[in-house]
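# Architecture at a glance
Each chain, written out:
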Amino acid sequence: MNFLKKYGFYLMALAVISEWILPLALAPFVPGYLQFTNLISDFGEVGVPTHMAFKVWEVINGLLFLLSAPAFYEYFKGTSKKLASWFTAMLIIFSMTDCLLTGIFDRALTSNTQSITGMIHNYSSGIGDTALLISMFFLLKLYQMQGKKLITTLLLVAFVVSLGIQFLFVYPRIMPDSQFKIPYRGLWQRLNLWLLYMPFLLISIKNMFKKRQ
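What follows covers a nonpolar patch on the surface. Together, I93, M119, Y123 and I127 make up an exposed nonpolar region whose accessible area comes to about 390 Å². With 3 residues, helix α4 (residues 116–145) is the single largest residue contributor to the nonpolar patch. Of note, I93 is situated in helix α3 (residues 81–104). The class for I93 is partly exposed, based on a relative accessible area of 33%.

Our next topic: the nonpolar core. A general feature of soluble globular proteins is that nonpolar side chains tend to end up buried together. If you look at the biggest cluster of nonpolar residues, it comprises 50 residues, and the most contacted ones within it are F43, F65, F72 and F76. Of all elements in the fold, only α1 (2–26), α2 (51–76), α3, α4, α5 (149–174) and α6 (185–212) reach the threshold of two or more residues within this core. When residues in this core are grouped by element, the largest group, 10 residues, is from α1. Apart from the residues lying within four places of it in its own chain, the contact partners of F76 are A84, F87, L139, L142, Y143, Q146 and I203. Residues L39, F169, Y171 and W188 belong to the second largest nonpolar core, which totals 6 residues.

What follows is about the pattern of salt bridges. In this structure the tally under the stated criterion is 3 salt bridges. A salt bridge links D106 to K55; its shortest N-O distance comes to 3.1 Å. Residue D106 is found in the loop between α3 and α4, and its partner K55 is found in helix α2; the two are separated by 51 residues along the sequence. We note a salt bridge from K77 to E74, for which the minimum N-O separation is 3.4 Å. On the basis of relative accessibility, which here comes to 32%, the residue E74 falls in the partly exposed class.

Further remarks concern α2. Spanning 26 residues, α2 covers 38 Å between terminal C-alpha atoms, matching the ideal 38 Å at 1.5 Å per step. Taken as a whole, α2 carries its principal kink of about 30 degrees at A69; the proline P70 stands between one and four residues after it.

What counts, and at which threshold
- Residues numbered from 1 in each chain as written.
- Predicted model: local features only at pLDDT ≥ 70, side-chain atom pairs only at ≥ 80, totals over all residues.
- Heavy atoms only, no water.
- Patch = residues over 30% accessible without salt bridge, like charges linked within 9 Å, V, L, I, M, F, W, Y side chains within 5 Å.
- Areas by Shrake-Rupley, 256 points an atom, 1.4 Å probe, with all protein chains shown as cover.
- Salt bridge = Lys/Arg side-chain N within 4 Å of Asp/Glu carboxyl O.
- Helix = DSSP H or I, 4+ residues; strand = E, 2+ residues; numbered from the N terminus.
- Buried < 20%, exposed > 50% of the residue type's maximum accessible area, 1.4 Å probe, protein only.
- Core = buried A, V, L, I, M, F, W, Y, C linked by side-chain atoms within 4.5 Å.
- Contact = heavy atoms within 4.5 Å.
- Expected span 1.5 Å × (residues − 1).
- Bend = angle between axes of the 7 residues up to and from the residue.

Listed below in structure tokens is the structure:
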């Protein structure tokens, strides 16, 4: 556990950078793949050349996120053990659902061909996205308790913007018959992940340099 508390921020930084690199690295192997249109999980569809690479990549990233959790709890517990516990719990839920489970279970090919594994994949992804968004809220509250107004304001803006982007992303799924079409789901997914991952990366980098001083 002491190892994870000491090096957890390195694992988080590696996980975030790996998540950002994943679609860029795998896209050339999928003919016709468009970053602004296709979803990241499309790499994991059965029959796609990147199917196994995506599954392994996501499982590894999930483990990195999971193993980084003790470092974040240790960092914030002095501010509030309760909030730090909730924040860490959301991080753990995200790592286990949106990374590990989505990596292990294949995505349903279409919304009309749901299998048990496809349902697990889709629901895990939704739960993970929600957990990551909630973790941003707890992070905001922790910095608010520390009296860091600028960081709190920036996190509040990021949280509100993320909610808006999340709506643009999920709208086509929750309202499939609507005449109002919102294109570029791949773009909204990537923007949301960049926004939600950024605080984790910045906190990790800050503590990595602090340990070297």
